[in-house]
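Take a look at the letters that make up each chain.
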Amino acid sequence: MEPNPPEPTVKLELSLLLSRYPVLAMRIRQEMRRELVRRGIVSHGELEERLAEAARMPRESLQDTAQWDLRVHRTQRALTDVAFTSCLPIGVLFPILETLQEVQPRPVYTDQTLLEKLLRQAALCESRIKAIHKADSLTGSEDDPSVQLLQARQALLERIVSSQKAFLQVAGEWFTTEDIFYILEHRIGTGRIGGKAAGMLLAYKILEHTAPDLFHTISVPRSYFIGAEVFASFLAENGIDQITRAYSSFSYEQMRADYPAVQEACICGRFPEEIADQLRAILHESGNTPMIVRSSSLLEDSFNQSFAGKYISIFCPNQGSKAENLRDLTLAVRRTYASVFNPDAIIYRRQMGLLEDEHMAILLQKVQGQRHRQWYFPSVAGVAYSYSPFVWNPRLKREQGFTRLVLGLGTRAVDRTGSDYARMVHLSHPQLRPEVTPAAIRRYSQRSIDVLDLATNQLTTQAVEDILHPDLSALRWLVSLDDGDTVRPPVALGLHFDPSKLVLTFDRLLQHSTFTTLLKDVLANLSRAYRVPVDIEYAVCLFSGKDMQPRIDFFLLQCRPQMRWKTESGRSAPANLSQQDTFLIATRMVPLGEVRDIEYIVVVDPEAYQQMGSSHELYGAARLVGRLNQELTGHRFILIGPGRWGSSDAVQGVPVTYGDIYHAGALIEWTGIGGGFASEPSYGTHFFQDLIETQIYPLAVNQDDPGDFLNIGFIHSAKDRLPAVLPQTEPHQCVKLIHIPSERPGCLLELVMDGERAVAYFDSQPRGSAAQPGEQG
């Protein structure tokens, strides 16, 4: 069978026809293959042989069965379409469709009619361009098919991918009409596919063209898209839009109180049967492969704001019956829809001036990983940034970026989780750690791993010791041996070792594989194409390779422009400051920037915080910080408290969320004190993204570090202004509010950060003391 390539317009008509029968597409192609065999155009054996050969061609044999099955599926689909449209007229399909009448075609929407018109225009332009042999013949005029093609693609992308102009300017250079077919074929319902899906697809297309030497190791997960219009219809048809009509204008406290009712309304909502049928078909195609439901709102991952962590993503292990898996999948979609109304998300949109109606698309993806006993997880997952806002050694190069990586699911790379730590790696010198001593390496290492438990059908957290067994194929690339005096990569592990003596350092992976080079090249190529720094999320599966190196399967999960602080002046503090005029000095992972005219300091006292006996009291301290954040609107203030601000474990630090801190100028983590408080600045987490986008600088002051300093005498002697600012609030046992001009007349606080050292000092203010909230200045 050697069919001639079909005309683009013929292939287009087939794609458009099949897009109207998304649930039947697989069965229709089966009938198309039978028709080819029945008419003697190709034998069944020849078709199967061509399938196996073509699926094997792009890459060496895959050890990942799911990836092999996906390749066979895509190749089978492409070969079927080419063979059918090359040898038979489209009209042959109509009798086939008539025999499959139990499923009705998708309704033809007005939007779909326009899309078909634009697709036909793009296909005709591509056909004309192929007929022009010399590039010199392309005139650049309005009649030039290349100009018309670009315009058609831009219009298509704006309708089905994103309306963000900055995104469209980049995407128009890389997407083809074939890519748009792919999106339509994998889209459920109508509307755009949202920022997260758009960024992932764009990054993949960029790497396909700019990094051909790397591309054989790079993939994106099998993906499907629920269009944003499905969300709007879901709200309307279930009456949720009536419940939430005035919701976004409420106060933060009122939204917190009402949000559970909104969540319940979303969870109880129902989808149209058409949508449920398509989700059922996806589950049928995916089998028991674990899936993840990811938010992909129209505002996410844009060039102006990232929305990092504002909406939720939910894992579906997918190990139940068909009915149970569909129940879990639709519940995950409904919960993701509900996250649009999360008070922190609304406060964020309010701060960014984006209070117009948000629309939520959904990105459904296969979870990338490998099975190890009853657990499913990738060898490595992480986030990476092409520009590093901090360095811990002058040899490090900011422009080469950094990454946070973990063993297992990437949730631990992007969330702040108690006393657990991801591995921080600066890509210019991956062997140069921020920790130096063996004790520090042990302390700032990963101790828990997030996995999908296939036996219990749920997301769970396991101790690393329970996972690090000899049968874990990637083990040698991930661990070092702690012998009490040193932490070093083992020469050989053997079959019998004590897992408690192993530390997750990833040293062999970073120093003796192509991983670091691959990650740097990915970031560099994407940054050049985006014309701004980027950050990505990724997963990696490791297999035995050649020459003692692992074979790396790199899965790109997300890409967006990297947010940065607007002020990166690097101004240093005045020389010869007295200790009395200095409030703090920090020397660990200091960014570039400054915060001027600081009027208030909100202090959470570590000893008092530690003595609070219940989680209710600990969370009460966080809510009080949130009330001060509201009351101090228009006044510059900084926050200082024990351990990890924003921690999911209230014992390890004050459990604030975005809505509690977004007016602050800096967030200082007070460490090296009693009670086991420790910290690592939040770089790379979703919490870190919140701080950058809101122009909040994170710092850590360690009292055990001789280079750091905190003016504790000033904190203890200053009068607590909390009762004056919040008159209805009794003095709190651990939260204190200091008004600087009242303690140091004529002064405000200045915070300057030069990349190596942060200094906050009292500076005279010629215009006099600032007025307190509620007072006339």
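Keep in mind it's a predicted model, so treat the numbers as computed, not measured.

Give me the overall build of the chain: which residues, what numbers.
Counting its regular elements, the chain contains 29 helices and 28 strands. Here the chain holds 777 residues, and 57% of them are scored as buried. Once local pairs closer than 6 in sequence are excluded, the contacts in the chain between residues at least 24 apart make up 76%. Accessible surface for the chain amounts to roughly 32,000 Å². Of this, 49% is attributable to carbon and sulfur atoms.

Which residues make up the environment of Y259, and what values do they have?
Checked against the element boundaries, Y259 lands in helix α13 (residues 252–267). Given the relative accessible area of 10%, Y259 is considered buried. Note: C-alpha distance between Y259 and Y247 (12 residues apart in sequence) is 9.1 Å. Dropping the residues within four chain positions of it, Y259 is found in contact with Y247, A338, S339, F341, N342 and P343.

For helix α10 (residues 195–210), give the residues involved together with the corresponding values.
With 16 residues, α10 should reach 22 Å at 1.5 Å per residue; the first-to-last C-alpha distance of 22 Å fits that figure. Most of α10 sits out of view: 12 of its 16 residues are buried.

How would you summarise the packing of aromatic side chains if you had to cite specific residues and measurements?
All told, the structure shown has 19 aromatic pairs when counted by the stated rule. Centre to centre, the rings of F231 and Y337 are 5.0 Å apart; their planes meet at 65°, and the pair counts as edge-to-face. Taken together, the residues F231 in helix α11 (residues 228–237) and Y337 in helix α15 (residues 322–338) connect sequence positions 106 residues apart. The burial state of F231 is the same as that of Y337; both residues are buried. Where Y247 meets F341, the ring centres are 6.3 Å apart and the plane angle is 80°; that geometry is what we call edge-to-face. A residue pair is termed long-range when its members are at least 10 positions apart, and Y247 in the loop between α12 (240–243) and α13 and F341 in the loop between α15 and α16 (343–351) qualify at 94 residues. Comparing Y247 with F341 shows no difference in burial state: the two are buried. Put simply, the rings of F231, F234, F271 and Y337 pair up and form one aromatic cluster.

Go over the pattern of salt bridges with me, naming the residues and quoting the values.
The final tally for this structure, using the stated rule, is 27 salt bridges. Each of R29, D81 and E185 takes part in a single network of salt bridges with overlapping partners.

Can you tell me about the sheet that holds strand β17 (residues 534–544), naming the residues and giving the values?
Pairing in this open sheet of six strands is mixed, and the strands run β2-β18-β17-β9-β10-β11 from one edge to the other. Each edge of the open sheet carries a strand with a single partner, namely β2 (218–219) and β11 (423–426). Two strands pair when backbone bridges link them, and strand β9 (residues 380–385) and strand β10 (residues 402–406) are joined in this way by five bridges, in the antiparallel orientation. Among the inter-strand pairings, V383 is bridged to a residue of β10, identified as R404. Packed on one face of the sheet, α10 meets β2 and β18 (550–561) and runs near 125° to β18. Where helix α22 (residues 515–530) meets the sheet, it contacts β2, β9, β10, β17 and β18, and its direction lies at approximately 150° from that of β17.

Which residues make up the confidence of the model for the chain, and what values go with them?
Looking at the chain as a whole, its pLDDT mean stands at 83, while 82% of the residues score no less than 70. Mean pLDDT in the chain bottoms out at helix α6 (residues 110–131), which sits at 57, and peaks at strand β8 (residues 375–377), which reaches 97. Here residues 766–772 is modelled with pLDDT under 50, and outside its nearest four sequence neighbours on either side it reaches 20 contacts, counting other chains as well.

Give a description of the side chain of S302 that names residues and reports values.
Along the polypeptide, S302 turns up in the loop between β4 (291–297) and β5 (313–316). The exposure class assigned to S302 is buried, which follows from its relative accessible area of 3%. Contacts of S302, omitting those with residues within four sequence positions, involve Q164, P561 and M563.

If you had to explain unusual backbone geometry to someone new, which residues and values would you point to?
For D301, which is not glycine, the phi torsion reads 55° and is therefore positive. Mapped onto the elements of the fold, D301 is located in the loop between β4 and β5. In this structure, N318 takes a positive phi of about 70° despite not being glycine. With respect to the helices and strands, N318 occurs in the loop between β5 and α15.

Which residues make up the pairing of β11, and what values go with them?
Along any regular strand the residues' side chains alternate between the sheet's two faces. Here β11 shows two buried faces, one formed by R423 and V425 and the other by M424 and H426. Two elements, β10 and β11, share four bridges in a ladder whose sense is antiparallel. In the strand pairing of β11, R404 is matched with M424.

Describe α16, listing the residues and the values that go with them.
By the criterion of burial, α16 is predominantly enclosed, with seven of the nine residues buried. The set of residues buried in α16 consists of P343, D344, A345, I346, I347, Y348 and R349. Of the residues flanking the start of α16, the one acting as N-cap is N342, its side-chain oxygen 2.8 Å from the backbone nitrogen of D344. Once α16 ends, the next one or two residues include G353, with phi positive near 70°.

Summarise the sheet that holds strand β3 (residues 223–226); cite the residues concerned and give the values.
If you walk across this open sheet you meet the five strands as β1-β3-β6-β4-β5, and the pairing is mixed. The sheet terminates laterally at β1 (187–188) and β5, the two strands that pair on one side only. Here four bridges tie β4 to β5, and the two strands are oriented antiparallel to one another. Pairing of M291 across the sheet is with C316, part of β5. Sheet contacts for α10: β3, β4, β5 and β6 (360–366); angle to β4, the most-contacted strand, approximately 105°.

Rules used throughout
Residues numbered from 1 in each chain as written. Predicted model: local features only at pLDDT ≥ 70, side-chain atom pairs only at ≥ 80, totals over all residues. Heavy atoms only, no water. Helix = DSSP H or I, 4+ residues; strand = E, 2+ residues; numbered from the N terminus. Buried < 20%, exposed > 50% of the residue type's maximum accessible area, 1.4 Å probe, protein only. Contact = heavy atoms within 4.5 Å. Areas by Shrake-Rupley, 256 points an atom, 1.4 Å probe, with all protein chains shown as cover. Expected span 1.5 Å × (residues − 1). Phe/Tyr/Trp six-rings, centres within 6.5 Å; stacked < 30°, edge-to-face > 60°. Salt bridge = Lys/Arg side-chain N within 4 Å of Asp/Glu carboxyl O. Pairing = 2+ DSSP bridges. Axes fitted to C-alpha atoms, helices over the stretch in contact; angles between N-to-C directions. pLDDT = per-residue confidence, 0-100. Polar contact = N/O pair within 3.5 Å; in protein donor to acceptor, adjacent residues only side chain to side chain.

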